[in-house]
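Observations on chain architecture
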Amino acid sequence: MKLVLLLWLLIAIVHDGLERRVRNGLVLAGIALALAALALDLQPFGLTWPQALLGGATAFGGLLCFYAFGLMGAGDVKFAGALGLWVGLQPLLPIWVAASLLAGLHGLLWLALQRWPLAPRLALALSGRPRGTGSRARPIPLAAYLAVSTIAFMAWRAGG
């Protein structure tokens, strides 16, 4: 099931990175797969039902307040909840911290490139805004950074 989780995370990285959006279908697939892994006793981190549910609820609830203040999209919050079902409570804080640092670096780079006249295409790519549209897009793909941080956690855990 680690391969299934890895595939789900990679799809999230590509999708959120390109579209700056996390579709409900992707979130629901992650939830269904996490619950199936629990039901079939194939949970990749050996979590019990209470541990997984606590992780999912904490991840969702913890990021919900950021959504309420308009600081992140609803898809990021739902993705975090699904991710919490997979990893449980214990690794959430390091995953959040790593994802937040990556998102912060992304934001700083985006701001710097907006002020640098020689890199308008790079700034546009980092903004998540399709060329020629006035639509407001969120520039930072947090779900993608949560997925990257989770893959790093999985690699660190496999090596340690």
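Residues numbered from 1 in each chain as written. Predicted model: local features only at pLDDT ≥ 70, side-chain atom pairs only at ≥ 80, totals over all residues. Heavy atoms only, no water.

1. Here's the deal with helix α3 (residues 49-68)
With 20 residues, α3 extends 28 Å between its outermost C-alpha atoms, agreeing within 8% with the 28 Å of an ideal straight helix rising 1.5 Å per residue. Listed in full, the buried residues belonging to α3 are Ala52, Gly55, Gly56, Ala59 and Leu63. For α3, the angular spread of buried residues about the axis comes to 95 degrees, placing them on one side. Structural note: α3 exposes Pro50, Ala57 and Ala68 on the side pointing more than 90 degrees away from its buried face. If you follow the buried residues of α3, they end up packed against α2 (24-39), α4 (74-87), α5 (92-115) and α7 (142-159). One or two steps after α3, the chain reaches glycine 70, where phi turns positive at roughly 75 degrees. (Helix = DSSP H or I, 4+ residues; strand = E, 2+ residues; numbered from the N terminus. Expected span 1.5 Å × (residues − 1). Buried < 20%, exposed > 50% of the residue type's maximum accessible area, 1.4 Å probe, protein only. Arc of directions from axis to C-beta. Contact = heavy atoms within 4.5 Å.)

2. A short note on the pattern of salt bridges
As a working rule, side chains carrying opposite charge can pair if their charged atoms are close by. The full count for this structure, using the stated rule, is one salt bridge. One salt bridge connects arginine 23 with glutamate 19, and the closest N-O pair in it is separated by 3.3 Å. Overall, glutamate 19 belongs to the partly exposed group, its relative accessible area being 39%. (Salt bridge = Lys/Arg side-chain N within 4 Å of Asp/Glu carboxyl O.)

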